[in-house]
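What the coordinates show
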Amino acid sequence: MDHPQRRSTAGERPEHTIEAYTLAIEQGADVIEPDLVMTADGVLVVRHDHYLSTTTNVADHPEFADRRRLQGEQSDWWVEDFTLAELRTLRARQPWPQRDASFNDRFLIPTFEEVLDLATAHNVRTEPEMKSPGHFVSVGLDPLPELVRILRERGLDTADAPTAIQCFEPDFLARLNAEIDTQLLMLVFPMQELDPEADPRQPTVSLTDMAAFADGVGPSKALVITAEGEDTGFIARAHELGLAVHPWTFRDDVPVADGVTIEDELRRIYALGVDGVFTDFPATAVRVRDAMGDE
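Residues numbered from 1 in each chain as written. Predicted model: local features only at pLDDT ≥ 70, side-chain atom pairs only at ≥ 80, totals over all residues. Heavy atoms only, no water.

A word on the pairing of strand β11 (residues 216-219)
Applied cut-off: Burial classes: relative accessible area under 20% of the type maximum marks a residue as buried, over 50% as exposed, and values in between as partly exposed (1.4 Å probe, protein chains only). Secondary structure is summarised from DSSP: a helix means a run of H or I of at least four residues, a strand means a run of E of at least two, and numbering begins at the N terminus for each. For two strands to count as paired, DSSP must find a minimum of two bridges between them.
With burial as the criterion, each face of β11 is covered, one bearing Gly216 and Gly218 and the other bearing Val217 and Pro219. In this sheet, β11 lies alongside strand β10 (residues 183-188) in parallel orientation, the contact comprising 4 bridges. Within the sheet, the bridge partner assigned to Leu185 lies in β11 and is Gly216. The sheet contact formed by β11 and strand β12 (residues 244-245) spans 2 bridges and is parallel. Along β12, the bridge assignment pairs Val217 with Val245.

Shown next, in the form of C-alpha cells:
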C-alpha cells in the first residue's frame, strides 16, 4: 500500500484553510481532507465544527455579538446562522493552545469548491467529511443535494473519481450511495465512548453493516492498535470485507503513551497494512512512510 497522507497541516497553520492545505501538499500529502458544514444560504464551507468560537475570530466582531445563542448545552456562534458573505468577514484561528498562533486572523474560511480547485491544481485527491448532516437537515439545510450537485458538475460522482466522501452518520452515506457512485468512507469510533460497558474494540457501526454501502472505513486509531502497539485485528477484518482502512488522527504533539513516539506509532500502524492515515503533521507521516519504503 502507498499509505497516502491526509488532512492539512493543522499542526502548523490554522486548520481547514487554503494555506494549511497548500502547505500539506508541499510536504507530500497525497490527499487533503476538508470538513464540510453549511451556511444559512446553503453554501458548503470548510470548518471542523459547526460552531465558530474556537477556530475563528467571530468573538471579536461586535456586529455579530447578538448571533451568539444556546444550542444544546453550548453557547456559541453557529455556522448555520451566517451567510457566506458574513463568514468572509471572519478569519481563521489555531484552536490548539500548544500550536503556533502566529498565523491567527490572517486566513479566510474557504468554500468546498475552492478546496476542490486547489486539489485539482495540484493533482491531489480529496476526502471531504460531511459534518453533522442530521443536524443540518433538522434546521432545514439538507447538505446532500448541494454536495451531489458539486460532485456531479465536477465529474466527481463516479467510482474512480479522485475523491471519497466520509461521514460518521451511516444514514447520510446510505442516502448518498443511492445518488452517486463516488467512494464512501464510514467514520467510526469505539462504542465504549457511548456505552462504558461495551467492548473497547467494538466500533459504532459494525464492519459487516458498513460494507453494504461503504468502500472504506475511517476508524479511531484506538480501534486498530492499542497504546502498547498490539494489533486488534480490525484492519484484517475490514480488508476481508473489501474495505480500505484510514485510521485517525496521528499528531506529533499529542503523546501516544509513555515512551512511544509518533514515529513509533506510525511505523506500527503502517506495518499493519493500513491504506492511509489522517494526520495534522503530513511531513512526519511522509518521512516515516518513505523511510520504511527504503528499508
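Section: the environment of Leu23
Within the secondary structure layout, Leu23 lies in helix α1 (residues 18-26). Here the alpha-carbon distance between Leu23 and His239, two residues 216 residues apart in the chain, equals 32 Å.

Observations regarding the pairing of strand β3 (residues 35-38)
The alternating pattern of β3 places Asp35 and Val37 on one face and Leu36 and Met38 on the opposite face, and all of these are buried. Taken together, the 2 bridges between β3 and strand β8 (residues 129-130) define a ladder with parallel strand orientation. Bridge pairing links Asp35 to Glu129 in β8. With antiparallel pairing between neighbouring strands as the criterion, β3 and strand β4 (residues 44-46) make up a hairpin whose turn holds 5 residues, including Gly42 at a positive phi of roughly 80°.

Comments concerning helix α10 (residues 282-294)
Basically, it comes down to this: In this scheme, a helix's expected span is set at 1.5 Å multiplied by one less than its residue total.
With 13 residues, α10 extends 18 Å from end C-alpha to end C-alpha; this agrees with the ideal 18 Å at 1.5 Å per step. Of all the positions in α10, only Pro282, Thr284, Ala285, Val286, Val288 and Arg289 are classed as buried.

Points about the environment of Asp76
What counts here: Note on definitions: a residue-residue contact is assigned when non-hydrogen atoms from the two residues lie within 4.5 Å. Polar contacts, as used here, are pairs of N or O atoms within 3.5 Å; protein pairs need one atom able to donate a hydrogen and one able to accept it. Residues neighboring in sequence count only if both atoms are side-chain atoms.
Counting through the fold element by element, Asp76 comes out in strand β6 (residues 74-76). Sequence separation of Asp76 and Leu52 is 24 residues, and the distance between their C-alpha atoms is 7.1 Å. Those residues in contact with Asp76 that sit more than four places away from it in its chain are Tyr51, Leu52, Ser53, Arg67, Arg68 and Arg69. At a separation of 2.6 Å, a polar atom in the side chain of Asp76 contacts the side chain of Ser53. Reaching out from Asp76, the side chain makes a polar contact with the side chain of Gln74 at a distance of 3.0 Å.

Some remarks on the packing of helix α5 (residues 144-153) against helix α6 (residues 170-177)
Note the following rule: Lines fitted to C-alpha atoms define the axes, with helix axes restricted to the stretch in contact, and inter-axis angles between N-to-C directions lie between 0 and 180 degrees. Under this scheme an angle from 65 to 115 degrees is roughly perpendicular, one under 35 degrees roughly parallel, and one over 145 degrees roughly antiparallel; angles in between are oblique. It is the rotation of the near helix from the far one that decides the hand of a crossing: anticlockwise by less than a right angle makes it left-handed, clockwise makes it right-handed.
With their axes 11 Å apart at the nearest point, α5 and α6 run at an angle of 45° to one another. With respect to α6, the axis of α5 lies oblique. Crossing geometry of α5 relative to α6 is assigned as right-handed. Contacts between α5 and α6 pair Leu144, Leu147 and Val148 from the former with Phe172, Arg175 and Leu176 from the latter.

Re the packing of α1 against helix α3 (residues 112-122)
We count it as follows: Gly is put with the polar residues, along with every residue not named as nonpolar or charged; the nonpolar set is Ala, Val, Leu, Ile, Met, Phe, Trp, Tyr, Cys and Pro, and the charged set is Asp, Glu, Lys and Arg.
Packing of α1 against α3 brings their axes to within 11 Å, and their N-to-C directions diverge by 20°. Compared by their axis directions, α1 and α3 come out roughly parallel. Of the two possible hands of crossing, α1 and α3 adopt the one that is right-handed. Every residue of α3 that contacts α1 at Ile18, Tyr21, Thr22 and Ile25 is listed here: Glu114, Val115, Leu118 and His122. When its residues are assigned to classes, the contact of α1 with α3 shows 5 nonpolar, 2 polar and 1 charged.

Let's talk about the layout of surface pockets
Under the convention used in this document: In this analysis the probe radius is 1.4 Å and the grid spacing 1 Å, with only protein atoms considered; a cavity is a set of points the probe fits into but cannot get out of, a pocket is an open set with protein on both sides within 12 Å along at least five of seven lines, and lining residues have an atom within 4 Å of a point. Grid points are joined across faces, edges and corners, and a volume is the space filled by probe spheres set on the points.
Size it by volume and the second largest pocket reaches roughly 240 Å³. Residue lining of the second largest pocket: 15 residues in total, with Ser220, Lys221, Ala222, Trp248 and Glu265 positioned closest to the centre. Per-class residue counts for the lining of the second largest pocket are 7 nonpolar, 4 polar and 4 charged.

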